[in-house]
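Here is what each chain is made of, one letter per residue.
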Amino acid sequence: MRSDPAHFAAARLRLLRDGARPGPPRRAALAALTDRWLAALWEAAVRDTGARGAALVAVGGHGRGELSPHSDLDLLLLHDGTTGPGGLSRLADRLWYPVWDLGIALDHSVRTPAEARRTAAGDLKVRLGLLDARHVAGEVALTAALRAAALADWRACAPARLPVLREMCREREERHGELSHLLEPDLKEARGGLRDTTVLRAVAASWIADAPRRGLDEARTALLDVRDALHLATGRAGDRLVLQEQDRVARTLGLPDADALLRKVYGAARTVAYASDVTWREVGGVLRARRASSRRGLPGRTRPAGARTAADRTVADRTAAARRSPLAEGVVEHDGEAVLARTARPGLDPVLPLRAAAAAARAGLPLSPHAVRRLATGAAPLPVPWPAEAREQLLALLGAGRNAVAVWEALEAEGLVTRMLPEWERVRCLPQRNAVHRWTVDRHLVETAVHAAGLTRRVGRPDLLLAAALLHDIGKGLPGDHSTAGEAVARGVAARMGFPPPDTDVLALLVRHHLLLVDTATRRDLDDPATVAAVAGAVGSVEVLELLHALTEADALATGPAAWSTWRASLVADLAGRTAAALAGKPVPAPAAPAPPAEAERLAAEAVRTGGPVLTVRTHRPPAGHGAAQGAAQGAAHGAGEGAGPVGAELLLAVPDRPGLLGTAAGVLALHRLTVRAADLRTADPAGRGPVLLLAWRVEAEYGSLPDAARLRKDLERALDGSLDVARRLAEREAARPRRRGAAPPPPVATVVPDVSRTATVVEVRAHDAPGLLHRIGHALERAGASVRSARVSTLGADAVDAFYVVGEDGAPLSEAHAARVAAAVQKALA
């Protein structure tokens, strides 16, 4: 090729217009064309200057062969010192000035190999640039030697420099934001952008860790294609995709509109960001392991190979066991990640993906990418409708709060979310062209669930709140009003998830009216009776109103700082208070308690006859995909058995009534690692021979199989006669439990519910479900002087919502002051 700049410029213009297919072929062709021109410049310059012992090296994007239409050139004039300073200066001038004359930005340097290595030692960006060094012209051996030395230097210093590089990435993210959620993103510098792909290449070159490869090359190609189109549309170099250029860039790429363009960018950025997270987590693990190994290898503390003692082997075995501790059925913690148990069978356990995700989020652990890949390729599809366990595990995942986000992103990275919720694909990466909105539609839905998890104490049905949070904007991307469209979509999703028809109706209503409170509060006269009447008519009940109020706040908090203020909060609270007052005028009778079944009557009579506890256990382990409840207690760390679904049972217990019985029985169940998913407590008096407490429990084994019924009865007898200290045993277990990094749940709340029963005081407790929770509540009630006459215990997702009908020593409802003390005592005990 001729060295004439005009000839190169004409050839370059032809190439960009119609000389090569867009994408990687055109970038490679542009790099090759530029190389040929620079080589021609080099030959002419060497002839004229007589320079020897030098080479022209491309670094950066040019070195990688990724030239966009208006990319700058990053060139290194490498020399061995044979040519003097004057000759090098003339050689450089003959190279640099033709580039500048064409208006091409140029980053250039002139160095010996030793100087290049010294500069790289003090400048991490220079060091990374040398990893992409590619020979263009001159002495090939000179370039090859520098490449080899630069790579060796990088591998030698990587353990010390990678943490610095990680911090640089964090600082860059703080400056430029997250590419997958910005309306005017920087394709290069934002998190998930092209700069991160270059960093991942450098990490891989260090041999310390490698990025997940699935989709990463395609994501990088997509971002480069968009940058190429941006250069062509604007006629200049740049990486920021500003709003006024997006339609032109979309047309250049053959996309229908700017939204399609942003979805393409966002999808690629999420792949890069997820790969970055996984890679940096692996880097951290490797470096920690190396430091630990180095400490163990200090002089005077090593033994010859093969000289391990029995004590050494015992310690090693215990260490290995500690590194693989159970989280849920089929899920264990290993090396700081939630992974699948060795005996997990994804093909036989359709709920396993959700159970693994919920367990990871509750424990504050990342979900292993290998586990996610295995679940994506091998898990059986969920049946329709979903089994109850699947629904509860999804709610437990959402109820984990902030920890749910990273786990959800891991599921999305492998397509598991859209497999479970096909409607999700419509909102995935969907931009929201409103400055108030901080996130894309799908991320906004997850963020709303995160905020809703902190508001579950305010509602009677936290499961419906979390589900509504996840679905409230599911109608976006459809024609018409998204609330109206979303109502129909949410109804179908809720039915497929297995919500019963009344709950499905509530969810559909919440989605339809999720903007009702904030819109009415900020746009209507609250003093007008018609305003409150309209809202009351739409929501229909106080229960739906409290759900809608919490959903409104979570939605606004997830939107962005501008969407929720003290003023807006006060207006919405005022409207909700007025509406609740209007709805309270419609009395809702409390449901009558059902009569005890015949089996309960028989057990009650047997308990009176023997004077001790009598129980029956009906075991059920549903077939794969038809579990009945959530798999494992929150935060439990012990147990065995890693199979295809949790083991559950219906347990009916009859015990002659005595103080503190509920707490004692619940404590015994907790000692046997049984999770109480639901309970019903009532009293009976068979043949008038004294009151008997009847407790119907729905329980699950945290891990493995259920305990023997005879052993349960024996331990209950010991607990009742005082020979088994349940509280002490539970405290010892709690002290030995490994501490997880899970997000702190909202604090428990105990309240007195007025006007529900004429014969008892109702104390309602809402708390994060945990082993021994019911045991603590029962004993707190007893110590506060309240006798439990009946109770309704239920677990909704990650939350327990329990109602206790209590009376005083005289068998009458508690006084207002006494009831307040009881509620305060329970709340204090749980805190």
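Our structure's up above, just so we're on the same page.
Residues numbered from 1 in each chain as written. Predicted model: local features only at pLDDT ≥ 70, side-chain atom pairs only at ≥ 80, totals over all residues. Heavy atoms only, no water.

1. Concerning the sheet that holds strand β7 (residues 337-340)
Part 1 of the argument: Read across the open sheet, the three strands follow the order β5-β6-β7; overall the sheet is antiparallel. The strands lining the two open edges of the sheet, one partner per strand, are β5 (324-328) and β7. Ignoring which end each strand starts from, the neighbouring axes of this sheet average 40 degrees apart.
Part 2 of the argument: Relative to strand β6 (residues 331-334), β5 is paired through four bridges, and the arrangement is antiparallel. (Pairing = 2+ DSSP bridges. Helix = DSSP H or I, 4+ residues; strand = E, 2+ residues; numbered from the N terminus. Axes fitted to C-alpha atoms, helices over the stretch in contact; angles between N-to-C directions.)

2. A closer look at the environment of Glu-732
Part 1 of the argument: With respect to the secondary-structure elements, Glu-732 resides in helix α30 (residues 726-736).
Part 2 of the argument: C-alpha separation for the pair Glu-732 and Leu-243, spaced 489 residues apart in sequence, amounts to 60 Å.

3. Observations regarding the pattern of salt bridges
Part 1 of the argument: Counted according to the given criterion, the structure contains 46 salt bridges.
Part 2 of the argument: Here Arg-728 makes a salt bridge to Glu-732, at a shortest N to O gap of 2.6 Å. A residue pair is termed a helical-turn pair when its members lie 3 or 4 positions apart in one helix, as Arg-728 and Glu-732 do in helix α30 at four residues.
Part 3 of the argument: Residue Arg-728 is classed as partly exposed on the basis of its relative accessible area of 44%.
Part 4 of the argument: What emerges from the salt-bridge pattern is a single network uniting Glu-173, Glu-178, Arg-191, Asp-277, Arg-402, Glu-409, Arg-443 and Glu-447. (Salt bridge = Lys/Arg side-chain N within 4 Å of Asp/Glu carboxyl O. Buried < 20%, exposed > 50% of the residue type's maximum accessible area, 1.4 Å probe, protein only.)

4. Let's talk about the packing of helix α28 (residues 661-671) against helix α31 (residues 773-783)
Packed helices, taken two at a time, are described by their axes: the angle between them and the distance between them.
Part 1 of the argument: Between α28 and α31, whose axes approach to 7 Å, the crossing angle comes to 160 degrees. Viewed along their axes, α28 and α31 adopt a mutual orientation that is roughly antiparallel. The way α28 lies across α31 gives a crossing that is left-handed. Counting all contacts with α28, which are made through Leu-662, Gly-663, Thr-664, Ala-666 and Gly-667, the residues of α31 involved are Leu-774, His-775, Gly-778 and His-779.
Part 2 of the argument: In terms of residue class, the contact of α28 with α31 is made up of three nonpolar, six polar and no charged. (Parallel < 35°, antiparallel > 145°, perpendicular 65-115°, else oblique. Left-handed = near helix turned anticlockwise from the far one by under 90°. Contact = heavy atoms within 4.5 Å. Nonpolar A, V, L, I, M, F, W, Y, C, P; charged D, E, K, R; others polar.)

5. Digging into helix α29 (residues 709-721)
Part 1 of the argument: Relative to the 18 Å expected for 13 residues at 1.5 Å per residue, α29 spans 19 Å between its end C-alpha atoms, a close match to the ideal helical length.
Part 2 of the argument: Regarding α29, the residues found buried are Leu-712, Asp-715, Leu-716, Ala-719 and Leu-720. When α29 is viewed along its axis, its buried side chains cluster within an angular range of 140 degrees and face the same direction. Facing away from the buried surface of α29 by more than 90 degrees, the exposed residues are Ala-710, Arg-711 and Asp-721.
Part 3 of the argument: The N-cap residue of α29 is Asp-708: its side-chain oxygen and the backbone nitrogen of Ala-710 are 3.0 Å apart.
Part 4 of the argument: Just beyond α29, the residue with positive phi is Gly-722, at close to 90 degrees. (Expected span 1.5 Å × (residues − 1). Arc of directions from axis to C-beta. Polar contact = N/O pair within 3.5 Å; in protein donor to acceptor, adjacent residues only side chain to side chain.)

6. Some words on the packing of aromatic side chains
Two aromatic rings, taken as a pair, are described by how far apart their centres are and by the angle between their planes.
Part 1 of the argument: Here the structure, examined in full by the defined rule, presents three aromatic pairs.
Part 2 of the argument: Between Tyr-97 and Trp-100, the aromatic rings sit 5.1 Å apart at their centres with planes inclined by 90 degrees, giving edge-to-face as the arrangement. Of the two residues, Tyr-97 and Trp-100 are both situated in helix α4 (residues 85-101); the distance of three residues between them amounts to about one turn of the helix.
Part 3 of the argument: Above the face of the Trp-207 ring, Arg-155 is positioned so that its terminal group lies 3.5 Å from the ring centre.
Part 4 of the argument: Its guanidinium or amino end placed over the ring of Trp-439, Arg-443 lies 4.1 Å from that ring's centre, counting from NZ or CZ. (Phe/Tyr/Trp six-rings, centres within 6.5 Å; stacked < 30°, edge-to-face > 60°. Lys NZ or Arg CZ within 6 Å of the ring centre and 35° of its normal.)

7. Side note on the sheet that holds strand β3 (residues 106-111)
Part 1 of the argument: If you trace the four strands from one edge of the open sheet to the other, you get β3-β2-β1-β4, paired in mixed fashion. Among the strands making up the open sheet, the edge pair consists of β3 and β4 (134-138). Between one strand axis and the next, the sheet turns through 25 degrees on average, direction left out of account.
Part 2 of the argument: As paired elements, strand β1 (residues 54-58) and strand β2 (residues 73-79) share five bridges and run antiparallel to each other. Opposite Val-57, over in β2, you have Leu-76 as the bridge partner.
Part 3 of the argument: Running over the sheet, helix α5 (residues 113-122) touches β2 and β3 and is turned about 120 degrees from β3.

8. Structural notes on the side chain of Glu-245
Part 1 of the argument: Structurally, Glu-245 is set in helix α10 (residues 243-252).
Part 2 of the argument: Leaving out residues up to four positions away in the same chain, Glu-245 has contacts with Leu-230, Thr-234 and Arg-236.

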